Amino acid sequence: MNSTAAKVGAYVVGLAVAFAAAFGIGSAVGPVGPTAGQTESPAPASDAGHDGMDMNGGTGS
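The structure contained in this document is the topic of the report that follows.

Reading the values: the criteria
- Residues numbered from 1 in each chain as written.
- Predicted model: local features only at pLDDT ≥ 70, side-chain atom pairs only at ≥ 80, totals over all residues.
- Heavy atoms only, no water.
- Helix = DSSP H or I, 4+ residues; strand = E, 2+ residues; numbered from the N terminus.
- Areas by Shrake-Rupley, 256 points an atom, 1.4 Å probe, with all protein chains shown as cover.
- Patch = residues over 30% accessible without salt bridge, like charges linked within 9 Å, V, L, I, M, F, W, Y side chains within 5 Å.
- Salt bridge = Lys/Arg side-chain N within 4 Å of Asp/Glu carboxyl O.
- Buried < 20%, exposed > 50% of the residue type's maximum accessible area, 1.4 Å probe, protein only.

**Structural notes on the overall build of the chain**
Item 1. The secondary structure content of the chain amounts to one helix and zero strands.
Item 2. In the structure as shown, the chain presents an accessible area of about 5400 Å², 64% of it carried by carbon and sulfur atoms.

Structure representation (structure tokens):
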């Protein structure tokens, strides 16, 4: 296998097989962790918890 095209082709095929295997295993296992049982909606972006600071670092008062 001295051809560069053959080496690149073999790499691409191997990469596709690895991603297909990871996708198959991930589909079989399903979601894991806090997202699996999440029932609440995420907090709105306005409640990010920056204690009233504006973009310049001031307190906004």
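**Remarks on a nonpolar patch on the surface**
Item 1. On the surface, Val8, Tyr11, Val12, Leu15 and Phe19 cluster together into a nonpolar patch covering about 530 Å² of accessible area.
Item 2. Within the secondary structure, Tyr11 sits in helix H1 (residues 4-29).
Item 3. You can call Tyr11 exposed: its relative accessible area is 56%.

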